[in-house]
Amino acid sequence: MIRMEVSQFFFNKWMLLVGIVLTFHSCVNREEEPPKIEIPVDTYWMYSSNCLRENFEKNFLNQQTLRITDKKGFEVLVSCSVELPEIDFNEFFLSVTRIETMKYPNFRDQGLYLENETELVYKINIDLSDFNSIGIIYCFGVIPIDFSQDEIRVQVIEH
């Protein structure tokens, strides 16, 4: 009888210790992911065309993204596509990202996010097809002028 009580005593202590360790582990190792807030922006995209190659590609020398802040810079794009909206450059600027891949890209989605409460990230999701060919896609974001002085990191996510 005493042997059973001692055995039960150690079992209860062991279970208490296991419970404490599991509780401590679940509290310590779980960091909450910082909130990611989507900032509403109008977005557009298009595949490269002869017009863009001839009139616009030279603007991307050694850079992936550029900002268009006036109508003059925007007119070249409008001349190559009728799908782009009218932009009030007193309220917005246009972020243009050029993505070139060795597999033909299929556009998924894009958006502007505030991450870690301070970092602006423009995320672009594309699927890469099995078709081996150089593919160029342009992604456009009409972004509020309030963010014109902020650094916006562009993140291209390939699936």
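Keep in mind the model is a prediction, meaning the values are calculated, not measured.

### Remarks on the overall build of the protein
Part 1: Of regular secondary structure, the protein possesses 3 helices and 6 strands.
Part 2: Burial analysis of the protein (159 residues in total) assigns 33% to the buried set.
Part 3: Surface accessibility of the protein: about 11000 Å² in total, with carbon and sulfur atoms responsible for 54%.

### Overview of the environment of I145
Part 1: With respect to the helices and strands, I145 occurs in the loop between β5 (119–144) and β6 (152–158).
Part 2: If near-sequence neighbours (up to four positions away) are discounted, I145 is found in contact with F89, N90, E91, F92 and F93.

### Let's talk about the packing of aromatic side chains
Part 1: Counted under the stated rule, the structure contains 5 aromatic pairs.
Part 2: Where F74 meets F89, the ring centres are 5.7 Å apart and the plane angle is 65°; that geometry is what we call edge-to-face. Taken together, the residues span a long stretch of sequence, with F74 in helix α3 (residues 71–80) and F89 in the loop between α3 and β4 (92–115) at a distance of 15 residues. By the burial criterion, F74 is buried, and F89 matches it.
Part 3: Among the aromatic residues, those joined into a ring-pair cluster are W45, Y47, Y104 and F107.
Part 4: Sitting over the face of the ring of Y113, K36 holds its NZ or CZ atom 5.4 Å from the ring centroid.
Part 5: Sitting over the face of the ring of Y113, K123 holds its NZ or CZ atom 5.7 Å from the ring centroid.

### A few points about the pattern of salt bridges
Part 1: Applying the stated criterion across every chain yields a total of 7 salt bridges.
Part 2: Across the pair E115 and R153 runs a salt bridge, and its minimum N-O distance is 3.9 Å. Residue E115 is found in strand β4, and its partner R153 is found in strand β6; the two are separated by 38 residues along the sequence.
Part 3: With its nearest N and O atoms 2.7 Å apart, the salt bridge here joins E119 to R153. Of the two residues, E119 is situated in strand β5 and R153 in strand β6; the sequence distance between them amounts to 34 residues.
Part 4: In this structure R153 comes out as partly exposed when scored by relative accessible area, which is 33%.

### Observations regarding the state of the cysteines
Covalently bonding the sulfur atom of one cysteine to the sulfur atom of another cysteine gives a disulfide.
Part 1: Inspection of every chain in the model, using the stated rule, returns 1 disulfide.
Part 2: The side chain of C51 participates in a disulfide bridge whose partner is C80; the two sulfur atoms lie 2.0 Å from each other. Disulfide C51-C80: torsion about the S-S bond near -75°, hence left-handed. Of this pair, C51 sits in helix α2 (residues 50–55) while C80 sits in helix α3, and the two are 29 residues apart along the sequence.
Part 3: Look at C51 and you get partly exposed, because its relative accessible area is 22%.
Part 4: Residue C80 is classed as buried on the basis of its relative accessible area, which comes to 17%.

What counts, and where the lines are drawn
Residues numbered from 1 in each chain as written. Predicted model: local features only at pLDDT ≥ 70, side-chain atom pairs only at ≥ 80, totals over all residues. Heavy atoms only, no water. Helix = DSSP H or I, 4+ residues; strand = E, 2+ residues; numbered from the N terminus. Buried < 20%, exposed > 50% of the residue type's maximum accessible area, 1.4 Å probe, protein only. Areas by Shrake-Rupley, 256 points an atom, 1.4 Å probe, with all protein chains shown as cover. Contact = heavy atoms within 4.5 Å. Phe/Tyr/Trp six-rings, centres within 6.5 Å; stacked < 30°, edge-to-face > 60°. Lys NZ or Arg CZ within 6 Å of the ring centre and 35° of its normal. Salt bridge = Lys/Arg side-chain N within 4 Å of Asp/Glu carboxyl O. Disulfide = S-S within 2.5 Å.

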